[in-house]
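Now for the letters of each chain:
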Amino acid sequence: MSERVYGSRCTACGKVSYPGHAVCPACGGEEFDGGLRATGQPEDPAPQIGKRVRATIGTVRQVGDRGIEGLIFVPA
Ligand SMILES: [Zn+2]
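Residues numbered from 1 in each chain as written. Predicted model: local features only at pLDDT ≥ 70, side-chain atom pairs only at ≥ 80, totals over all residues.

**Thoughts on the overall build of the chain**
A tally of regular secondary structure across the chain gives zero helices and five strands. Helices (α) and strands (β) of the chain occur, in sequence order from the N terminus, as β-β-β-β-β. By residue count, 4% of the 76 residues in the chain fall in the buried class. A fraction of 22% describes how many contacts in the chain between residues 6 or more apart in sequence connect residues 24 or more apart. (Helix = DSSP H or I, 4+ residues; strand = E, 2+ residues; numbered from the N terminus. Buried ≥ 20, exposed ≤ 12 C-beta atoms within 10 Å, placed from the backbone. Contact = placed C-beta atoms within 7 Å.)

**Concerning the pairing of strand β5 (residues 66-75)**
Among the ten residues in β5, one count as buried, and that is only a small part of the element. Across two bridges, the pairing between strand β3 (residues 41-42) and β5 is parallel. When the sheet's bridge partners are listed, Q41 is paired in β5 with I72. Here ten bridges tie strand β4 (residues 53-63) to β5, and the two strands are oriented antiparallel to one another. Looking at the pairing, T59 lines up with E69 of β5. Hairpin connection, β4 to β5: the antiparallel pair is bridged by two residues, and G64 has positive phi, about 65 degrees. (Pairing = 2+ DSSP bridges.)

**Side note on the sheet that holds β4**
Spatial ordering of the open sheet is given by β3-β5-β4, a layout of three strands whose pairing is mixed. In this open sheet, the two strands that pair with only one neighbour each are β3 and β4.

**Points about unusual backbone geometry**
Residue P19 follows Y18 across a cis peptide bond; omega there is -5 degrees. Tracing the backbone shows P19 in the loop between β2 (16-17) and β3.

**Details of the environment of P42**
On the secondary structure map, P42 appears in strand β3. Take P42: there are 15 C-beta atoms within 10 Å of it, and that puts it in the partly exposed class. Along the primary structure P42 and L71 are separated by 29 residues, whereas in three dimensions their C-alpha atoms are 8.7 Å apart. Among residues more than four places away in sequence, those in contact with P42 are P47 and F73.

The values reported here are purely geometric and, on their own, carry no functional implication.
Printed below as a string of structure tokens:
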């Protein structure tokens, strides 16, 4: 078991939040251009490093008959 807790710090206002958010709950700022790193699934079957994407929420996998929601990166 990991002893680390991961959250996020808004690059616009400095608010620290856990769990991390793609959109800051304090100021509504979107952090991706500010250095936030996030994991998700690329929609593009041949993704390229440096290519701009837009994050959406969708079903990333199935556990039994239940869909698990997560980030899906689509071309910007
Ligand atoms: Zn903020």
